[in-house]
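Understanding the architecture of this molecule
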Amino acid sequence: MGDEVMDWEQAYQQGGVFEGPPPWNIGEPQPELAGVIADAKVRSDVLDAGCGYAELSLALAAAGYTVLGVDITPTAVAAATQAARERGLTTASFEQADITTFTGHDGRFSTVLDSTLFHSLPIEGRDGYLRSVHQAAAPGARLFVLVFAKGAFPAELETKPNEVSEAELRAAVSKYWEIDEIRPAFIHVNAPVIPPRLPGPPVEFPQYDRDEKGRAKMPAYLLTAHKTDQ
């Protein structure tokens, strides 16, 4: 994507950029973050930053957490709100907002989860995003960021996420948060990864390993950080 941003509304609309659901919408939380939940590292209230269709938010609410999902896309927010209503999940709520200028919840959240949002932002929007969620976080809050690693996508691809190196990720996040760990991880995606309607010649992808459900396991980082008590 470079410094550009995909039209997220079209990405989530049926018949839009993708022929079906966006490939990152796998019908459940990303396994890396499901592991964070299973390891009891999440505390309410939870901010699901860039929630999309919000399977992460819905899973958290089903497990008893109070969660706010935030996304810039009206279609995704409406779908998430309807899904929560249909499942009777009263502790999940959703807000349409630009996460880079997100306000109104100062000091509320004990956990901030970023499931593939960071690399979806324009590079110049990262600082505003990190500042906004830091302001929304309570003292001692924990931040988890799952983001594509450099090299996850072919270099010749004209439109792709803003992948990061470990050093680039550390430099951006450490301005506001105390980093505890950055480790290699995977983002599980359904094929095709790139919308068939985007311009440019076809590009061959590496043969990534697949999980037990046939989804590609693309290189990523999982960052863990916390907000100091001051």
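This text follows the structure it describes.
No experiment lies behind these values; they were computed from the predicted model shown.

When you line up the elements, L223 lands in strand β7 (residues 216–226). Given a relative accessible area of 0%, L223 falls into the buried group. It is 6.6 Å that separates the C-alpha atoms of L223 and R183, two residues lying 40 residues apart in sequence. In this view, L223 contacts L143, F144, V145, L169, V173, I179, E181 and I182; residues no more than four positions away in its chain are not counted.

This brings us to helix α6 (residues 166–173). Every buried residue of α6 is accounted for by L169, A172 and V173. Summarising the axial view, the buried residues of α6 lie within an arc of 90°, below the 170-degree limit, and thus occupy one face. Those residues of α6 that are exposed and angled more than 90 degrees off the buried face are A167 and A171.

Glycine aside, residues mostly have negative phi, and peptide bonds are mostly found in the trans state. Looking along the chain, the bond that leaves S44 and enters D45 is cis, with omega of -10°. Relative to the helices and strands, D45 resides in the loop between α2 (31–38) and β1 (46–49). Phi is positive for A40, close to 60°, though the residue is something other than glycine. Note on placement: A40 falls in the loop between α2 and β1. The exposure class of A40 is exposed, given its relative accessible area of 61%. One non-glycine residue, T116, adopts positive backbone phi at about 70°. With respect to the helices and strands, T116 occurs in the loop between β4 (109–115) and α5 (126–136). Residue T116 is classed as buried on the basis of its relative accessible area of 10%.

Attention now goes to the sheet that holds β4. Here seven strands make up an open sheet; going across it, the order is β3-β2-β1-β4-β5-β7-β6 and the pairing mixed. Each having just a single partner strand, β3 (92–96) and β6 (178–189) make up the two edges of the open sheet. Strand after strand, the sheet turns through a mean of 20° between neighbouring axes, direction not considered. Taken together, the five bridges between strand β2 (residues 67–71) and β3 define a ladder with parallel strand orientation. Pairing of V70 across the sheet is with E95, part of β3.

This brings us to the pattern of salt bridges. For the structure shown, the criterion picks out eleven salt bridges. Notably, a salt bridge pairs R126 with E168, separated by 2.8 Å at the nearest N-O pair. With R126 in helix α5 and E168 in helix α6, this residue pair connects regions lying 42 residues apart in the sequence. Its relative accessible area of 5% is what places R126 among the buried residues.

Turning our eyes to something else, we now look at α2. Among all positions of α2, only E32, L33, V36 and I37 are buried. All buried residues of α2 project into a common sector of 145° when viewed along the axis, lining one side. Contacts made by the buried residues of α2 are with α3 (55–62), β4, β5 (137–148), β6 and β7. A40 lies just past α2 and shows a positive phi near 60°.

This part takes up the side chain of D211. Positionally, D211 belongs in the loop between β6 and β7. Judged by its relative accessible area of 9%, D211 is buried. A distance of 2.9 Å separates the side chain of D211 from the backbone nitrogen of K213, its partner in a polar contact. Not counting chain neighbours up to four residues away, the residues in contact with D211 comprise H188 and K217.

Before going further, it helps to spend a moment on the pairing of β4. Of all seven residues making up β4, seven are buried, and the element is well covered by its neighbours. Direction of pairing for β1 relative to β4: parallel, over a ladder of four bridges. Paired with V46 across the two strands is T111, which belongs to β4. Where β4 and β5 come together, six bridges link them in parallel fashion.

Each value, and the rule that gives it
- Residues numbered from 1 in each chain as written.
- Predicted model: local features only at pLDDT ≥ 70, side-chain atom pairs only at ≥ 80, totals over all residues.
- Heavy atoms only, no water.
- Helix = DSSP H or I, 4+ residues; strand = E, 2+ residues; numbered from the N terminus.
- Buried < 20%, exposed > 50% of the residue type's maximum accessible area, 1.4 Å probe, protein only.
- Contact = heavy atoms within 4.5 Å.
- Arc of directions from axis to C-beta.
- Pairing = 2+ DSSP bridges.
- Axes fitted to C-alpha atoms, helices over the stretch in contact; angles between N-to-C directions.
- Salt bridge = Lys/Arg side-chain N within 4 Å of Asp/Glu carboxyl O.
- Polar contact = N/O pair within 3.5 Å; in protein donor to acceptor, adjacent residues only side chain to side chain.

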